[in-house]
Amino acid sequence: MRDIIIGSDNAGVALKKIIVEYLNSKNISVTDVGVAAEQDETYYPYIAKRVCEAVIKSGYQKRGILICGTGIGMCMTANEFRGIRAAVCHDIYSARRSILSNDGNVLCIGARVVGTELAKTIAEEWIGLEFVDGPSTPKVKAIIEIEQENFLVGGIDEK
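Remember, it's a predicted structure, so these values are computed and weren't measured experimentally. (Residues numbered from 1 in each chain as written. Predicted model: local features only at pLDDT ≥ 70, side-chain atom pairs only at ≥ 80, totals over all residues. Heavy atoms only, no water.)

**Re unusual backbone geometry**
Then, in step 1: In this chain, Gly 34 is followed by Val 35 through a cis amide linkage whose omega measures -10°.
Then, in step 2: On the secondary structure map, Val 35 appears in the loop between strand E2 (30-32) and helix H2 (44-57).
Then, in step 3: Backbone geometry at Asn 27 places phi at a positive 60°, although glycine is not the residue there.
Then, in step 4: Non-glycine residue Tyr 60 carries a positive phi angle of around 65°. (Helix = DSSP H or I, 4+ residues; strand = E, 2+ residues; numbered from the N terminus.)

**Points about the environment of Thr 42**
Then, in step 1: For Thr 42, the location among the structural elements is in the loop between E2 and H2.
Then, in step 2: Look past the residues within four positions of Thr 42 in its chain and what remains in contact with it is Asp 9, Val 35, Ile 47 and Arg 50.
Then, in step 3: A polar side-chain atom of Thr 42 sits 2.5 Å from a polar atom in the side chain of Asp 40. (Contact = heavy atoms within 4.5 Å. Polar contact = N/O pair within 3.5 Å; in protein donor to acceptor, adjacent residues only side chain to side chain.)

**Focus on the environment of Phe 81**
Then, in step 1: Relative to the assigned elements, Phe 81 resides in the loop between helix H3 (72-78) and strand E4 (86-88).
Then, in step 2: Note on Phe 81: relative accessible area 17%, which makes it buried.
Then, in step 3: In sequence terms Phe 81 and Lys 49 are 32 residues apart; their C-alpha atoms lie 8.2 Å from each other.
Then, in step 4: With residues up to four places along the chain from it excluded, the contact list for Phe 81 reads Lys 49, Cys 52, Glu 53, Ile 56, Glu 147 and Phe 151. (Buried < 20%, exposed > 50% of the residue type's maximum accessible area, 1.4 Å probe, protein only.)

**What about the packing of aromatic side chains?**
Then, in step 1: Taken as a whole and assessed by the stated rule, the structure comprises 1 aromatic pair.
Then, in step 2: With a centroid separation of 6.4 Å and 25° between ring planes, the pair formed by Tyr 43 and Tyr 46 is classed as stacked.
Then, in step 3: Over the ring of Trp 126 we find Arg 63, and its NZ or CZ is 5.2 Å from the ring centre. (Phe/Tyr/Trp six-rings, centres within 6.5 Å; stacked < 30°, edge-to-face > 60°. Lys NZ or Arg CZ within 6 Å of the ring centre and 35° of its normal.)

**Things to note about the state of the cysteines**
Then, in step 1: Using the criterion set out here, one finds 0 disulfides in the structure.
Then, in step 2: Distance from the sulfur of Cys 52, which forms no disulfide, to the nearest cysteine sulfur (Cys 108) is 7.7 Å.
Then, in step 3: Residue Cys 68 stays outside any disulfide, its sulfur separated by 7.3 Å from that of Cys 108, the closest cysteine. (Disulfide = S-S within 2.5 Å.)

**Notes on the sheet that holds E2**
Then, in step 1: The sheet built from 5 strands is open, its strands ordered E2-E1-E3-E5-E4 with parallel pairing. Pairing within the sheet leaves two strands with one partner each, and these edge strands are E2 and E4. On average, adjacent strands in this sheet sit at an angle of 20° to one another, irrespective of strand direction.
Then, in step 2: In this structure, strand E1 (residues 4-8) lies alongside E2, joined through 3 bridges in parallel fashion. When the bridges of E2 are listed, Ile 6 appears paired with Asp 32.
Then, in step 3: Strand contacts of H2: E1 and strand E3 (63-68), with the helix running at about 175° to E3, the strand carrying the most contacts. (Pairing = 2+ DSSP bridges. Axes fitted to C-alpha atoms, helices over the stretch in contact; angles between N-to-C directions.)

This is the structure:
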């Protein structure tokens, strides 16, 4: 299993702690990059940045989990990083497809949307899956191609 980098804003702290404990009990290595307390008002984009930079620094060998109130803001921020394919997954099927169809590397969960037991199951299922070269490969390559075009210095308008 892969090493996991996890982060949350203050809305996701309680769920993050539960997921970290659960994954550790399954012998999954988890690095928590914050926040540690519900009183910490660090904006979620800064936490997403920490997680994504750690995933990138690992050469994409590690995956990330981001937790905020809905998962949406974390996902939007995460997808601003080159090589990051983040998905909001509030059910097991979406979590599976984020890996199997899209070669995702960051899972985003909404603490105000998903119950504790489901969140643990989603995380464990997601971590245990690997993308396999097949019918989805050309689609993932298209995502990467578009990403490379859009991450040029100056962006789209510079072409």
